[in-house]
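# A structural walkthrough
One-letter residues, chain by chain:
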Amino acid sequence: MKILTHTVKPRLEGALAGLEPLARNLWLSWNFDVISLFIRIDQDAWVASGQNPVKMLGMMRQDRFDQLAQDDSFLASLADLKSRFDRYSRGETWYKGPKAPVTAYFSMEFGIDVSLPTYSGGLGILSGDHIKTSSDLGLPLVGVGLLYRQGYFKQYLNADGFQQESYPENDWYNMPVERCEDSDGSPILISVDLAGRLVHAAIWEVKVGRASLFLLDTNIPENTPEDRLITATLYGGDKEMRICQEILLGVGGIRALSVLGVKVAATHMNEGHSAFLALERIRLLMSEHGLSFKEAVQAFTPTNIFTTHTPVPAGNERFGIDLMEKYFRSWIGSYGVDWVEFLSLGRENPGDYGESFCMTVFALKLSAYANGVSALHGEVSREMWKNLWPQLPVAEVPIAHVTNGVHPRTWISHDMLALLDRFLGPRFNDEPGAKDIWDRMDRVSDEELWRTHERRRERLVAFAGDRLSSSMKRLGVSDPALLSAGDALSPSVLTISFARRFATYKRGNLLLSDPDRLIRLLSSSDRPLQIIFAGKAHPHDIPGKELIRELVHFSRKSEMLGRLVFLEDYDMNIARYITSGSDVWLNTPRRPLEASGTSGMKAGMNGVLNCSVLDGWWAEGFSTDIGWAIGSGEEYQDEELQDKIESEALYDLLEREIVPTFYRRGRDNLPREWIAKMRASIKIIGRDFSTHRMLEEYYGRYYKPAMAEGERLEAGKYAPSRSLAAYLDKASSLWPQVAVIDMKDDAPPVVARGTKINVEAKVNLAGLSPEEVHVECCRGPVSSKGEIESPERTEMEAESSEGQVWTYKAVVNGRLTGQIGCTIRILPKHEALGGRFVPGLVRWA
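No experiment lies behind these values; they were computed from the predicted model shown.

### Section: the overall build of the protein chain
- From N to C terminus, the protein chain includes 28 helices and 28 strands.
- Taken over C-alpha atoms, the radius of gyration comes to 29 Å for the protein chain, in line with the 28 Å a tight globule of 845 residues would show.
- Here the C-alpha coordinates of the protein chain stretch approximately 90 × 70 × 50 Å along the principal axes.
- Taking the contacts inside the protein chain whose residues are at least 6 apart along the sequence as the reference set, 72% of them involve residues at least 24 apart.

### Topic: the layout of surface pockets
- Empty space within the second largest pocket amounts to approximately 1,400 Å³.
- Lining the second largest pocket are 48 residues, and of these Gln298, Lys365, Leu728, Val838 and Pro839 lie nearest its centre.
- Those elements that provide at least two residues to the lining of the second largest pocket are α10 (293-300), α12 (339-344), α13 (359-365), β13 (369-372), α27 (691-715) and α28 (719-734).
- Of the residues forming the lining of the second largest pocket, the biggest block, five residues, is contributed by α27.

### Some remarks on the packing of helix α18 (residues 446-475) against helix α26 (residues 672-688)
- Two elements in contact, α18 and α26, have axes whose closest approach is 10 Å; the angle formed by their N-to-C orientations is 85 degrees. When the interaxial angle is binned, α18 and α26 end up roughly perpendicular. Listed contacts from α26 to Asp446, Glu447, Leu449, Trp450 and His453 of α18 are Arg672, Trp674, Ile675, Met678, Arg679 and Ile682.
- Partitioning the contact of α18 with α26 into residue classes produces six nonpolar, one polar and four charged.

### Points about the sheet that holds strand β18 (residues 584-587)
- The six strands lie next to each other as β17-β16-β15-β18-β19-β20, forming an open sheet whose pairing is parallel. Since the sheet does not close on itself, it has two edges, and those belong to β17 (564-567) and β20 (627-630), each with one partner. The mean inter-strand angle of the sheet, taken between neighbouring strand axes irrespective of direction, is 20 degrees.
- The pairing of strand β15 (residues 494-499) with β18 spans two bridges and is classified as parallel. Note on β18: the bridge partner recorded for Ser497 is Trp585.

### Notes on the pattern of salt bridges
- Evaluated as defined, the whole model comprises 63 salt bridges.
- Of the charged contacts in the structure, one is a salt bridge between Arg712 and Glu709, with a shortest N-O distance of 2.9 Å. With Arg712 and Glu709 both in helix α27 and three residues apart, the pair spans about one turn of that helix.
- We classify Glu709 as buried; its relative accessible area is 17%.
- Residues Glu776 and Arg825 are paired through a salt bridge, measuring 3.1 Å at the closest nitrogen-oxygen approach. Of the two residues, Glu776 is situated in strand β23 (residues 773-781) and Arg825 in strand β27 (residues 820-828); the sequence distance between them amounts to 49 residues.
- Given the relative accessible area of 4%, Glu776 is considered buried.
- Because the salt bridges share partners, they merge into one network encompassing Asp446, Glu447, Asp668, Arg672 and Arg679.

### Side note on the pairing of strand β8 (residues 211-217)
- In terms of burial, β8 is a largely internal element, seven of the seven residues being buried.
- Side chains Ala211, Leu213, Leu215 and Asp217 of β8 all project onto a buried face; the interleaved residues Ser212, Phe214 and Leu216 project onto the opposite face, where all are buried too.
- As paired strands, strand β7 (residues 197-208) and β8 are joined by seven bridges and run antiparallel to one another. Considered in β8, the bridge of Val208 is made with Ala211.
- The turn linking β7 back onto β8 is made up of two residues, and Gly209 within it adopts a positive phi angle of 65 degrees.

### As for helix α8 (residues 239-259)
- End to end, α8 covers 29 Å across 21 residues, agreeing with the expected 30 Å (1.5 Å per residue, within 8%).
- Bending of α8 peaks at approximately 35 degrees at the position of Gly252.
- The buried fraction of α8 is high, at 16 of 21 residues.
- Put simply, Asp238 is the residue that caps the front of α8, since its side-chain oxygen is 3.2 Å from the backbone nitrogen of Glu240.

### What about the sheet that holds β23?
- Read from one edge to the other, the open sheet built from four strands follows the order β24-β23-β27-β28, with strand pairing classed as antiparallel. Bordering the open sheet on either side are β24 (792-795) and β28 (843-844), each of which pairs with just one other strand.
- In the sheet, β23 pairs with β24 via four bridges, with the strands oriented antiparallel. Residue pairing in the sheet places Glu776 in a bridge with Glu795 of β24.

### Some details on the packing of aromatic side chains
- Summed over all chains, the structure comprises 36 aromatic pairs.
- With a centroid separation of 5.3 Å and 85 degrees between ring planes, the pair formed by Phe428 and Trp438 is classed as edge-to-face. Taken as a pair, Phe428 in helix α17 (residues 427-430) and Trp438 in the loop between α17 and α18 lie far apart in primary sequence, ten residues in all.
- The class of Phe428 is buried, set by a relative accessible area of 5%.
- Measuring from ring centre to ring centre gives 5.9 Å for Tyr698 and Tyr703, while their planes differ by 20 degrees; the resulting arrangement is stacked.

### Quick notes on unusual backbone geometry
- Put simply, Ala100 and Pro101 share a cis peptide bond, and its omega is -5 degrees.
- Positive phi, close to 55 degrees, is recorded for Ala195, a residue that is not glycine.
- Examined against the element boundaries, Ala195 turns out to sit in the loop between β6 (189-194) and β7.
- According to the relative accessible area criterion, Ala195 is partly exposed, its value standing at 28%.
- Positive phi is not limited to glycine here, since Asp569 has a value of about 60 degrees.
- Assessed through its relative accessible area of 7%, Asp569 is described here as buried.

### Focus on the packing of helix α16 (residues 414-424) against α18
- For the pair α16 and α18, the least separation of the axes is 9 Å and the interaxial angle reads 165 degrees. The orientation of α16 relative to α18 falls into the category roughly antiparallel. α16 and α18 meet at a crossing whose hand is right-handed. For the pair α16 and α18, contact is made by His414, Asp415, Met416, Leu419, Arg422 and Phe423 and by Glu448, Leu449, Thr452, Arg456 and Arg459, respectively.
- For the contact of α16 with α18, a count of residues per class yields four nonpolar, two polar and five charged.

### Quick word on the pairing of strand β1 (residues 102-106)
- Here β1 lies mainly inside the structure; five of its five residues are buried.
- Neither face of β1 is exposed, since Val102, Ala104 and Phe106 on one face and Thr103 and Tyr105 on the opposite face are all buried.
- Examined bridge by bridge, β1 and strand β9 (residues 264-270) share five bridges and lie parallel to one another. Bridged to Ala104 within β9 is Thr267.
- Note that β1 and strand β2 (residues 141-146) share four bridges and pair parallel.

Conventions and cut-offs
Positions within a chain are numbered from 1, following the residues in the order the chain's sequence is written. Given that this is a predicted model, residues contribute local features only at a pLDDT of at least 70 and side-chain atom pairs are listed and counted only at 80 or more, while totals for whole chains, interfaces and linings are drawn from all residues. Calculation of side-chain values draws on the structure's entire complement of heavy atoms; hydrogens and water are dropped beforehand. We count a stretch as a helix when DSSP gives it H or I for four or more residues in a row; a strand needs E for two or more, and each element gets its number in order from the N terminus. It is over C-alpha atoms that the radius of gyration is taken, and the globule rule equals 2.2 Å times the number of residues to the power 0.38. Residue contacts follow a heavy-atom distance rule, with two residues in contact if any of their heavy atoms lie within 4.5 Å. Cavity means a closed set of points on a 1 Å grid over the protein atoms alone, one where a 1.4 Å probe fits but cannot get out, pocket means an open set with protein on both sides within 12 Å along at least 5 of 7 lines, and lining means a residue has an atom within 4 Å of a point. Grid points are joined across faces, edges and corners, and a volume is the space filled by probe spheres set on the points. Only the contacting stretch of a helix is used when fitting its axis, a line to C-alpha atoms as for every element, and angles between N-to-C directions run 0 to 180 degrees. Note that the term roughly parallel is reserved for angles under 35 degrees, roughly antiparallel for angles over 145, roughly perpendicular for angles of 65 to 115, and oblique for everything else. Any residue that is not Ala, Val, Leu, Ile, Met, Phe, Trp, Tyr, Cys, Pro, Asp, Glu, Lys or Arg is counted as polar, Gly included; the first ten are nonpolar and the last four charged. Strands qualify as paired when DSSP identifies two bridges or more between them. Every case where a carboxyl oxygen of Asp or Glu lies within 4 Å of a side-chain nitrogen of Lys or Arg is listed as a salt bridge. Buried means the residue's accessible area, taken with a 1.4 Å probe over protein chains only, is under 20% of the maximum for its type, while exposed means over 50%, and partly exposed covers the values in between. One less than the residue count of a helix, multiplied by 1.5 Å, gives the span that helix is expected to have. Two axes are fitted around each residue, one to the seven residues ending there and one to the seven starting there, and the angle between them is reported as the bend at that residue. Polar contacts here mean pairs of N or O atoms no more than 3.5 Å apart (in protein, one a potential hydrogen donor and the other a potential acceptor; neighbouring residues in sequence count only if both atoms are side-chain atoms). Pairing of aromatic side chains requires ring centres within 6.5 Å, counting the rings of Phe and Tyr and the six-membered ring of Trp. Pairs whose planes differ by under 30 degrees are stacked, by over 60 edge-to-face, and all others tilted. Whether a crossing is left-handed or right-handed is set by the direction in which the near helix is turned from the far one by less than a right angle, anticlockwise for left-handed and clockwise for right-handed.

Right under this line is the structure:
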């Protein structure tokens, strides 16, 4: 069937034309006044549109716009918001450097607003907050992802409480995205080779304040029906679909930026899904600057950042060699690199030809900067990937950490923001990264803080009741008790919430370990509590779905009705209600399986107190001033024992601390001790766990040096990269003969602190010059395992030589006490290495 298409937009004339840019820029997602303006137009339409401003404008009758054009109050509000948006767009920012070239931030999902459902959970929400914060700070950064026609699934429960999934279609022409077009209005397309098929993708732009997010879409007529499905669903399909998506994201994403004229100086891979972008950037370096593959690798690596989010080996994406053969064998020949050598870039053990290709390993080997997402996760990641650098102590494995954060104005409720704006002053809005502003929380009175929070709890209870009633009616429930369960929730009762992805390691059912004890807590006549659960299990995660069903069955017990509820289809909208309206945020993962977790940050920044296992961010954020810890950071081999111990600890906290503190009131009915914890939570978590702090860290530690190095290498026509590749070839061939032949020092068996000690070593450099190696004296406490822990490194100086054997000397200061060990280490040395460790090129005495 032949169909002629054109796009129809609402007619907005005169002053009302200002609605269009506000609707199409997701600046509104962290500016509630803009949302309020759209609600004023028609609240029912706002709800019916799914809180989508573009769709809502298209739903309105023209006579409503005619009425608004005569409403001076509405026009004044619109003019004020347009002026505020213009000031934001053109205002001074934290970053004051050039806007080009940019860092390109790649992620499989972006959770920016409920109106753009291209996210599934925490990874996407973090990516969305990352883009918003780059806009606030004015960073030269663009986002790159995929535009999913069906997004992630919509969750609904059947009558038995078992999760079902639906996949509604997204209509991009009625969403806050704009197709990128050339001067004649034709869509700008890119293409990638997928196993001999040329697959095309259109590019769509999402405006996020000052920042841009570019999303690729294969659902276009130029593709076959099968290839149009590549961007159908997020995390859907089999391994072959995943590899197609990830090639499109990485390779196609770089091509999209190129065709749009966006000059990229550095790239940031948010998880390993986008790691194939390395191949496209390497190809461009080879074709545009005449570099060999090895030289291009050395030119690319210093400009790439990789963030890992996965604390278990099984969670890292791996592709079988059959799929790698199918999709890459024909490519790699043109790179001039051996096939086995290419595959080794994705293998922990390059000599194991049966090992699959791991995207995380590929990303780690091609990144000068790598990080986990909390201090604990950094430790876990170094331990997990230590085999990539087998000759380094675990503490030196080059994976650091940048603890995640959340975007305050997105996640702090609008009524709390109004309170904070009043007491924290204009700098709270104008300088979002200023940490000292949060100290002004002490100015907020107990009365105002508590009344604000009570309104939010009332709003949450009303929202939850409506959602439950809708679910029951959809199921055709006739039992009056079940139908009224939502109405039984109380706006004045201590409210605990557990809302997150339902994976088994998160233990959503830990509270059900002792049902009788829980029922007593929930049904107390003088100090009751109520619990709200929400979350999705992955469509293929049957154990996760069983957890949900178990909770739903428990919630339908007669003594539980109105005390424990499960809300369907957890998304950003529900998250905003729960993270602001609850009193306690519960988190029960098996340590150390929570890489970071950010929902607790959102809750804590709203004054909702955290009660959590010391895992992820809470391991570094916990203080008795702002919440409670379940256990003391223990890790268990016996999961059954762990559940028993930690469920008992949780019940004890509820009975002895949480419930009594909440209900301990004075004559004014204010829980002053609880309010003090709320105030401290907002202050500390707002100060230390915002994405503004996070992005300033990323920029200072990674983006700035990576972009500077990229520009320096380009200005020098990549001579340092050519030199480094040649040096590494030479060093790799000679390294087997490099050795420490002898070492000695003049220290007696017992020395006084501060004694200067002379250390001497004889090393065989095997044809390398002293200018081509670092020889280090490493000293530190000796552990019970006979290893030197956290050694101090002192560079040794070459004194003389006999053939290829050089004598190195150093003077060290015996300032450490206890049993101190000393050894010698040899490392490669080249200006362009920038201090990076090279796997395999380490030699110890």
